[in-house]
Amino acid sequence: MTKINFYLLSQDDEIARRQFACRLADKLLRQGIAVQLYTSREEDAIQLDQLLWGFTPESFVPHYLMGTDPVAESGVLISWGSPPDAPATLLNLSDNVPEAPARFAAIAEFVLQDTSSRDHGRELWNLYKTRGFELQHHQM
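Below you will find a few notes about this structure. One numbering rule holds for all chains: residues counted from 1, following each sequence as written. Two thresholds apply to this predicted model, a pLDDT of at least 70 for residue-level local features and 80 or more for giving and counting side-chain atom pairs, whereas whole-chain, interface and lining totals are computed over all residues. Heavy atoms from the whole structure form the basis of all side-chain values; hydrogens and water molecules are not counted.

**Regarding the overall build of the protein chain**
Of regular secondary structure, the protein chain possesses three helices and seven strands. Across the protein chain, helices and strands are ordered from the amino to the carboxyl terminus as β-α-β-α-β-β-β-β-α-β. Here the C-alpha atoms of the protein chain give a radius of gyration of 14 Å, agreeing with the 14 Å that 2.2 N^0.38 yields for 140 residues. For the protein chain, the spread of C-alpha atoms along the principal axes amounts to about 40 × 30 × 30 Å. Counting the 140 residues in the protein chain, one finds 45% classified as buried. The way it works is that DSSP assigns letters per residue, a run of H or I at least four long becomes a helix, a run of E at least two long becomes a strand, and they are numbered from the N terminus. For this measure, only C-alpha atoms enter the radius of gyration; the expected value for a globule follows 2.2 Å times N^0.38, where N is the number of residues. Burial classes follow relative accessibility: with a 1.4 Å probe on protein chains only, a residue under 20% of its type's maximum area counts as buried, one over 50% as exposed, and anything between as partly exposed.

So, in structure tokens, the structure goes:
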């Protein structure tokens, strides 16, 4: 069963959310776990692509954008719109629950410390809960 992890971040800005997602992607990839960073828009995916090149000076996170050369497809997949079918851990940076969430091994949701983000996080929590997913929260 797909496990849904909610990460309650202490910051309240989008850059902090993206940086945390990049650190988590790096950690999961080092553990041999397939990872997808998922956004709502292509522009956001391109920003994540740029962020993964230099979010820490000592780390390189191999990654590729959805639709690029299949030979290069290793590491973290960055996708937008509708995530491709893959048994990966999905790091959800979009505004919505992905289609057919049960197809993923795990999903990470990120909640910032502003009222709008917390309210949205509560809505997502309840939506996943009513669908019967195993939920866990992590205070960061």
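**A look at the side chain of Glu109**
With respect to the helices and strands, Glu109 occurs in strand 6 (residues 106-111). Charge counting follows a simple rule: Lys and Arg are positive, Asp and Glu are negative, and His as well as the terminal groups are ignored. Salt-bridge detection follows one rule: a side-chain nitrogen of Lys or Arg within 4 Å of a carboxyl oxygen of Asp or Glu. Although Glu109 lies buried, it forms no salt bridge, and the closest oppositely charged side chain, Arg17, sits 6.0 Å away as judged by the N-O distance. In contact with Glu109, other than residues within four places in its own chain, are Ile4, Asn5, Phe6, Tyr7, Asn92, Leu124 and Tyr128. Throughout, a residue-residue contact means that at least one pair of heavy atoms, one from each residue, lies within 4.5 Å.

**Observations regarding the pairing of strand 1 (residues 3-8)**
Here strand 1 pairs with strand 6 via six bridges, running parallel. Within strand 6, the residue paired with Tyr7 across the bridge is Phe110. Pairing between two strands is assigned when DSSP locates at least 2 bridges connecting them. Taken together, the six bridges between strand 1 and strand 7 (residues 134-139) define a ladder with parallel strand orientation. Within strand 7, the position partnered with Leu8 by the bridge is Gln139.

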